[in-house]
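# A look at the structure
Residues per chain, in single letters:
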Amino acid sequence: MKRVIFPVIFALLFMMTKTVVAQVPFKRGVNLTNWFQTTSPGKIQFSKYTKKDFENIKSLGCDIIRLPINLFSMTGGKPDYLIDPIFSGYLDQAVSWAEELGLYLMIDNHSRDEIASKNPDLEIILTRVWEQLANRYKNRSALILFEIMNEPNGISTEVWGKIQQAAIDAIRKTDSKHTIVIGPSSFNTYNELSKLPVYKDPNLLYTFHFYDPFLFTHQGSTWANPALASLSEVPFPYSSETMPSRPAELAGTWVNSTYTNYPKEGNVARIRQLIDIATTFRSERKVNIFCGEFGVYMKSSKDAERVYWYSEVRKYLEEKGIPWTIWDYHGGFGLFVKGSEGQFEKDLNIPMVKVLGLKAPY
């Protein structure tokens with residue numbers, strides 16, 4: 001017995017000297033979009049999703065739902081930014097469904113840019129809405145997470161980092177239990193993670209989004225600048241034989257260089273290099289990271305190549321121990337067959353479900 005005492009003591013002392021980061025308790029899930037992303041509480045179609053939808057999501061093997069909310073529009077506006085009771089009631093129900101099913105639920109402040117990132121009163125609004133939400137949910141289970149703000153942009157990560165600290169402090173005034181999800185500016189890009197300040201709060205989860213190569217994942221989209229609506233059938237991985245010509249209207253834009261670089265960018269090795277930027281940040285800071293969004297717009301991409309991209313990204317995220325939520329469940333990036341009614345019982349994109357490591361119901 002004496003011979004094993006010293007090795008055991010040594011091992012314990014060694015472990016005590018290392019900074020140990022607790023593992024994130026969930027692994028994979030979906031963004032439940034176009035539900036709480038309205039311009040006012042009265043426009044929320046609450047019956048769009050029910051507890052049955054939460055059950056369906058769990059049956060796929062998901063253990064978390066990220067719930068995007070146009071949170072600033074759920075208030076009465078200046079000067080107090082009081083959260084509307086209609087919205088609160090709806091959110092309470094979603095929270096209860098998640099808790100009853102043992103699903104993690106991330107309350108994602110997905111406020112639109114014109115009232116969020118571009119708002120000079122951003123810090124005031126953030127702190128006021130999060131003080132209210134933290135106070136409302138401080139006694140709910142640890143299944144609930146708070147994401148301060150989706151994809152801040154038009155502001156440096158250094159400046160945003162200080163505003164984010166104010167929001168963390170606002171939450172911690174009343175709630176010391178729930179995990180807070182934070183991220184960098186420039187649309188939560190992995191490249192900006194290292195510019196965040198060193199936060200002292202031990203219960204933070206650092207998020208990043210992944211949509212590379214953008215030329216492939218956003219072909220056919222109308223919201224990019226410039227719009228990529230005329231771009232279609234960009235292959236992944238890159239193939240000189242099937243690569244379409246650059247649309248004439250995109251000449252003179254950033255698309256030129258992206259086209260030129262696509263032979264180097266449009267491959268699995270490059271995807272892994274970019275995700276490794278986030279894993280390096282995790283190792284250096286000794287923090288937890290999470291991929292809150294990744295996906296491919298289905299309108300103009302080939303389904304087989306889209307499925308392949310999801311497969312490679314998902315596998316590498318999990319190989320690196322990074323939990324994730326895809327963008328999205330129903331929608332232009334979703335889990336359902338393009339052009340279908342989106343019914344769970346018959347319209348799931350089964351190849352997509354399978355490559356995500358989820359359980360196909362049929």
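In this text, all values refer to a predicted model and were calculated from it rather than measured experimentally. (Residues numbered from 1 in each chain as written. Predicted model: local features only at pLDDT ≥ 70, side-chain atom pairs only at ≥ 80, totals over all residues. Heavy atoms only, no water.)

## A closer look at the overall build of the chain
Operational definition: What counts as a helix is a DSSP run of H or I of at least four residues, what counts as a strand is a run of E of at least two, and both are numbered from the N terminus. Every radius of gyration here is taken over C-alpha atoms, with the globule rule written as 2.2 Å times N^0.38, N being the number of residues. Each residue is placed in one exposure class: buried if its accessible area under a 1.4 Å probe, protein chains only, is under 20% of its type's maximum, exposed if it is over 50%, and partly exposed if it falls in between. In what follows, a contact means two residues having at least one pair of non-hydrogen atoms within 4.5 Å. Shrake-Rupley sampling with a 1.4 Å probe provides the accessible areas, and residues are treated as covered by the protein chains on show and by no other component. We count Lys and Arg on the positive side and Asp and Glu on the negative side, and we leave His and both chain ends out. Charged side chains are reduced to one point each, which is NZ for Lys, CZ for Arg, CG for Asp and CD for Glu.
Per the secondary structure count, the chain includes 11 helices and 8 strands. Whereas a compact globule of 362 residues would reach a radius of gyration of roughly 21 Å, the chain reaches 21 Å, a difference of no more than 12%. Dimensions of the chain along its principal axes, counting C-alpha atoms only, are 65 × 65 × 45 Å. For the chain, the proportion of its 362 residues judged to be buried stands at 52%. Across the chain, the fraction of contacts at a sequence separation of at least 24, relative to all contacts at a separation of at least 6, is 73%. As displayed, the chain offers around 16,600 Å² of accessible surface, 54% of which is attributable to carbon and sulfur atoms. Between the centroid of the 41 positive side chains of the chain and the centroid of its 38 negative side chains there is a distance of 6 Å.

## Here's the deal with the environment of G252
In this structure, G252 sits in the loop between α7 (214–217) and α8 (255–265). Counting along the chain gives 199 residues from G252 to D53, while the straight-line C-alpha distance between them is 45 Å.

## Focus on the nonpolar core
The condition is simple: Think of a nonpolar core as a cluster: buried Ala, Val, Leu, Ile, Met, Phe, Trp, Tyr and Cys residues, connected wherever their side-chain atoms sit within 4.5 Å.
Counting 104 residues, the largest nonpolar core has I148, F210, F294 and L335 as the members making the most contacts within it. Top contributing element to this core by residue count: helix α4 (residues 122–137), with 8 residues. If near-sequence neighbours (up to four positions away) are discounted, L335 is found in contact with V30, L60, I326, D328, Y329, L348, N349, M352, V353, L356 and L358.

## Here we look at the side chain of S221
Relative to the helices and strands, S221 is located in the loop between α7 and α8. Under the relative-accessibility criterion, S221 is labelled buried at 0%. If sequence neighbours within four positions are ignored, S221 has contacts with A227, L228, A229 and Y297.

## Details of the pairing of strand β3 (residues 104–109)
Keep this limit in mind: Two strands qualify as a pair provided DSSP detects at least 2 bridges between them. Convention used here: a crossover is right-handed provided that the path from the first strand, over the helix, to the second strand proceeds clockwise when the strands point away from the viewer.
Of all 6 residues making up β3, 6 are buried, and the element is well covered by its neighbours. By the alternation rule, side chains of β3 split into Y104, M106 and D108 and L105, I107 and N109, which are all buried. Here strand β2 (residues 64–69) pairs with β3 via 6 bridges, running parallel. When the sheet's bridge partners are listed, I69 is paired in β3 with N109. When β3 meets strand β4 (residues 144–147), the two strands line up parallel, connected through 4 bridges. Residue pairing across strands places L105 opposite I144, the latter belonging to β4. Each parallel crossover has a hand, and the one from β3 via α4 to β4 is right-handed.

## Topic: the packing of helix α3 (residues 85–101) against α4
This is how the line gets drawn: Lines fitted to C-alpha atoms define the axes here, with helix axes fitted over just the stretch in contact, and angles between the N-to-C directions of these axes take values from 0 to 180 degrees. Angles below 35 degrees are treated as roughly parallel, those above 145 as roughly antiparallel, those between 65 and 115 as roughly perpendicular, and all remaining angles as oblique. Crossing handedness is defined as follows: a turn of the near helix away from the far one that is anticlockwise and smaller than a right angle gives a left-handed crossing, while the clockwise case is right-handed.
Running from N to C, α3 and α4 cross one another at 45°; their axes reach a closest spacing of 12 Å. Regarding the angle of α3 to α4, the classification is oblique. Like other packed secondary-structure pairs, α3 and α4 cross with a definite hand, here right-handed. Contacts from S88, L91, D92 and V95 in α3 reach L133, R136 and Y137 in α4.

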